[in-house]
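Each chain, written out:
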Amino acid sequence: LAKTTQPISMDSYEGQEVNITCSHNNIATNDYITWYQQFPSQGPRFIIQGYKTKVTNEVASLFIPADRKSSTLSLPRVSLSDTAVYYCLVGAISSGSARQLTFGSGTQLTVLP
Amino acid sequence: NAGVMQNPRHLVRRRGQEARLRCSPMKGHSHVYWYRQLPEEGLKFMVYLQKENIIDESGMPKERFSAEFPKEGPSILRIQQVVRGDSAAYFCASSPEVARYNEQFFGPGTRLTVL
């Protein structure tokens, strides 16, 4: 199973771009990379997912190098409301397994005014 | 379109009692996943169910824990003879079929406190 490593915490200021990197050295060929956001006392919320290269949606961008051993979540122009824990997941759900559906410790992002 | 519903939101039980947690998936979703989150930790996968079938229960303790997702009604996570170590937040997620690229929709969680 692919193990993920993220920084425990990060601080940023409003309006800045934030990049959170996740290492996953033993990612498998069929694995996707998914990022979730969690606020206190709430369930996680899907942010973005990708397999390789770059993915962008209205909330974030995800950069994945060719070797796929790491990925970087990019949040443009963060605001105070982006203060949350961000989780990187690597794995795949198939019709017979929910392999690797374990969230690591995540990265606590604190956005300062 | 209502999101994933979980009830109760908070549950207090004494050691040895049973805890029953309910999860109603989003409309049109037939796959349900249960997770447990201890304080200051990430979510740990417990069980993955489809209607009337358990697909993957590799993350669920072998004793005292059981889960079901009947043809009609919500999914139920049952914990028998609770102990203090069962105190945690339990989250349910759903997806329309096999989660597209791991995208799941989470409920607000049930916070279980065992006295």
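The following refers to the structure shown. Nothing here was measured: the structure is a model prediction, and the numbers come from that model. (Residues numbered from 1 in each chain as written. Chains lettered and ligands numbered in written order. Predicted model: local features only at pLDDT ≥ 70, side-chain atom pairs only at ≥ 80, totals over all residues. Heavy atoms only, no water.)

## Quick word on the state of the cysteines
Which entries qualify depends on this criterion: Working definition: a disulfide is two cysteine sulfur atoms within 2.5 Å of each other. Secondary structure elements follow DSSP: runs of H or I no shorter than four residues count as helices, runs of E no shorter than two count as strands, and numbering proceeds from the N terminus. When a residue's accessible area, from a 1.4 Å probe over protein chains only, is under 20% of the maximum for its type it is buried; when over 50% it is exposed; and in between it is partly exposed.
With the rule as written, the count across this model stands at two disulfides over all chains. The side chain of C22(A) participates in a disulfide bridge whose partner is C88(A); the two sulfur atoms lie 2.2 Å from each other. The chirality of the disulfide connecting C22(A) with C88(A) is left-handed, given an S-S dihedral of about -80 degrees. Here C22(A), found in strand β2 (residues 18–23), pairs with C88(A), found in strand β8 (residues 84–91); they are 66 residues apart in sequence, far enough to count as distant. A single burial state applies to C22(A) and to C88(A), both of which are buried. With its sulfur 1.7 Å from that of its partner, C23(B) forms a disulfide with C92(B). Taking the torsion about the sulfur-sulfur bond, which here is approximately -45 degrees, the covalent link between C23(B) and C92(B) counts as left-handed. In this pair, C23(B) sits in strand β3 (residues 19–24) while C92(B) sits in strand β9 (residues 88–95), placing the two residues 69 residues apart along the sequence. The exposure class of C23(B) is buried, given its relative accessible area of 0%. We classify C92(B) as buried; its relative accessible area is 0%.

## Some remarks on the pattern of salt bridges
Residues and elements named next belong to chain B. So the rule is basically this: For this document, the term salt bridge refers to a Lys or Arg side-chain nitrogen within 4 Å of an Asp or Glu carboxyl oxygen.
Per the counting criterion, the structure on display carries four salt bridges over all chains. The partner of R64 in a salt bridge is D86, with the nearest N and O atoms 2.7 Å apart. On the criterion of sequence distance, the pair formed by R64 in the loop between β6 (53–56) and β7 (65–68) and D86 in the loop between β8 (75–79) and β9 is long-range, its members being 22 residues apart. A residue is classified by how much of its surface remains accessible, and D86, at 3% relative accessible area, is buried. Salt bridges sharing partners connect three or more residues here, namely E18, R20, E68 and R78.

## Comments concerning the sheet that holds strand β9 (residues 107–112) of chain A
By way of backbone hydrogen bonds, the strands of a sheet pair with one another, either parallel or antiparallel. Residue and element names in this part refer to chain A. Under the convention used in this document: We treat two strands as partners when DSSP finds at least two bridges between them. A fitted line through C-alpha atoms serves as each axis, taken over the contacting stretch for helices, and the angle formed by two N-to-C directions is quoted from 0 to 180°.
In space, the five strands of this open sheet follow the order β1-β9-β8-β3-β4, with mixed pairing throughout. Single-partner strands in this sheet number two, and they are β1 (9–13) and β4 (45–50). Neighbouring strand axes in the sheet, compared pairwise and without regard to direction, differ in orientation by 25 degrees on average.

## Let's talk about the pairing of β4(A)
Residues and elements named next belong to chain A. The element β4 is largely enclosed, with a buried count of five among its six residues. Across five bridges, strand β3 (residues 32–38) lies against β4 in antiparallel orientation. If you follow W35 over to β4, its bridge partner there is I48. Hairpin connection between β3 and β4: a loop of six residues separates the two successive antiparallel strands, and S41 in this loop has a positive phi of roughly 60 degrees.

## Some remarks on the sheet that holds β2(A)
Residue and element names in this part refer to chain A. Read across the open sheet, the four strands follow the order β2-β7-β6-β5; overall the sheet is antiparallel. Edge strands, defined here as strands with exactly one partner in the open sheet, are β2 and β5 (53–56). Between one strand axis and the next, the sheet turns through 15 degrees on average, direction left out of account. Pairing of β2 with strand β7 (residues 70–75), which is carried by six bridges, proceeds in the antiparallel orientation. Within the sheet, the bridge partner assigned to V18 lies in β7 and is L75.

## Looking at the environment of L49(B)
For the record, the criterion: Contacts are assigned to residue pairs that have any heavy atoms within 4.5 Å of one another.
On the secondary structure map, L49(B) appears in strand β5 (residues 43–50). Not counting residues up to four positions away in its chain, the partners in contact with L49(B) are S30(B), H31(B), V32(B), W34(B), I54(B), I55(B), A67(B), E68(B), F69(B) and S75(B).

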